[in-house]
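# A structural walkthrough
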Amino acid sequence: MNDPASPARPVAVAIRYLSMIVGCACLLLAAVCFAIAAQVFVQTGVFAQSYALVGLISAALGLLALTLARVWK
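Residues numbered from 1 in each chain as written. Predicted model: local features only at pLDDT ≥ 70, side-chain atom pairs only at ≥ 80, totals over all residues. Heavy atoms only, no water.

## Observations regarding the UniProt feature "transmembrane region" (unreviewed entry) in the protein chain
Quick reminder of the rule: UniProt positions are given in the numbering used here, feature names are shortened, and annotations may be inferred rather than shown by experiment. In this description a helix means any DSSP run of H or I spanning at least four residues, a strand means any run of E spanning at least two, and both kinds are numbered starting from the N terminus.
UniProt marks residues 21-42 and 48-69 with the feature "transmembrane region" (unreviewed entry), using the numbering shown here. This span, residues 21-42, is 100% helix and 0% strand, and a straight line between its end C-alpha atoms measures 32 Å. With 95% helix and 0% strand, residues 48-69 has its two end C-alpha atoms placed 32 Å apart.

Next up, the structure:
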């Protein structure tokens, strides 16, 4: 019952849940940025490069955080 890794277990669970929350928040931010970029493009005909770039970076970070949550034990 005395496992030397048992004190680290709550920390690992906290990191896993925190990375899930951060990953979902980043993907939500990416969706909002892409929606704004699409709306700007439809209304003005000008491609909103800054919103699209922030959306791509946010999506990549979100997927990275969700991957971390999946493999963290």
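## Considerations on a nonpolar patch on the surface
Stated precisely, the cut-off is as follows: Patch membership requires over 30% relative accessible area and the absence of a salt bridge. Like charges are linked within 9 Å, and nonpolar side chains (Val, Leu, Ile, Met, Phe, Trp, Tyr) within 5 Å. Accessible surface is estimated by sampling points in the Shrake-Rupley manner with a 1.4 Å probe; for residues, cover comes only from the protein chains shown. Salt-bridge detection follows one rule: a side-chain nitrogen of Lys or Arg within 4 Å of a carboxyl oxygen of Asp or Glu.
On the surface, a nonpolar cluster with roughly 400 Å² of combined accessible area is contributed by Leu53, Ile57, Leu61 and Leu64. Tracing the sequence through the fold places Leu61 in helix α2 (residues 49-71).

## Points about helix α1 (residues 9-44)
Heads up, the condition is: Each helix should span, by expectation, one fewer than its residue count multiplied by 1.5 Å. Relative accessibility decides the category of a residue: with a 1.4 Å probe and only protein chains considered, values under 20% of the type maximum give buried, values over 50% give exposed, and everything between is partly exposed. Every residue pair with non-hydrogen atoms within 4.5 Å of one another is taken to be in contact.
The terminal C-alpha atoms of α1, which comprises 36 residues, lie 52 Å apart, in line with the 52 Å expected from a rise of 1.5 Å per residue. Those residues of α1 not exposed but buried are Ala12, Ser19, Gly23, Cys26, Ala30, Cys33 and Ala37. On the buried face of α1, the contacting elements are α2. A positive phi of about 80° marks Gly45, the residue just after α1.

## Thoughts on the environment of Leu28
Positionally, Leu28 belongs in helix α1. What makes Leu28 exposed here is its relative accessible area of 57%.

## Quick look at the state of the cysteines
What counts, and what does not: Throughout, disulfides are identified as pairs of cysteine sulfur atoms within 2.5 Å of each other.
Counting across every chain of the model gives zero disulfides. Between Cys24, a cysteine without a disulfide, and Cys26, which holds the nearest cysteine sulfur, the sulfur-to-sulfur distance is 9.5 Å.

## Regarding the side chain of Ser58
Its place among the elements puts Ser58 in helix α2. Among all residues touching Ser58, those that are not within four sequence positions of it are Cys26, Leu29 and Ala30.

## Considering the packing of α1 against α2
Spelled out, the test is: Where helices are involved, their axes are fitted lines through C-alpha atoms of the stretch in contact, as for all axes, and angles between N-to-C directions lie from 0 to 180°. Put simply, angles under 35 degrees are roughly parallel, angles over 145 are roughly antiparallel, angles from 65 to 115 are roughly perpendicular, and the rest are oblique. Note on convention: near helix rotated counterclockwise from far helix by under a right angle means a left-handed crossing. Clockwise means right-handed. Nonpolar residues are Ala, Val, Leu, Ile, Met, Phe, Trp, Tyr, Cys and Pro. Charged residues are Asp, Glu, Lys and Arg, and all others, Gly as well, are polar.
The geometry of α1 relative to α2 is characterised by a closest axis approach of 7 Å and an angle of 160° between their N-to-C directions. Overall, the two elements α1 and α2 adopt an arrangement that is roughly antiparallel. Every pair of crossing elements has a handedness; the one defined by α1 and α2 is left-handed. Of the residues that constitute the contact of α1 with α2, the class distribution is 22 nonpolar, five polar and two charged.

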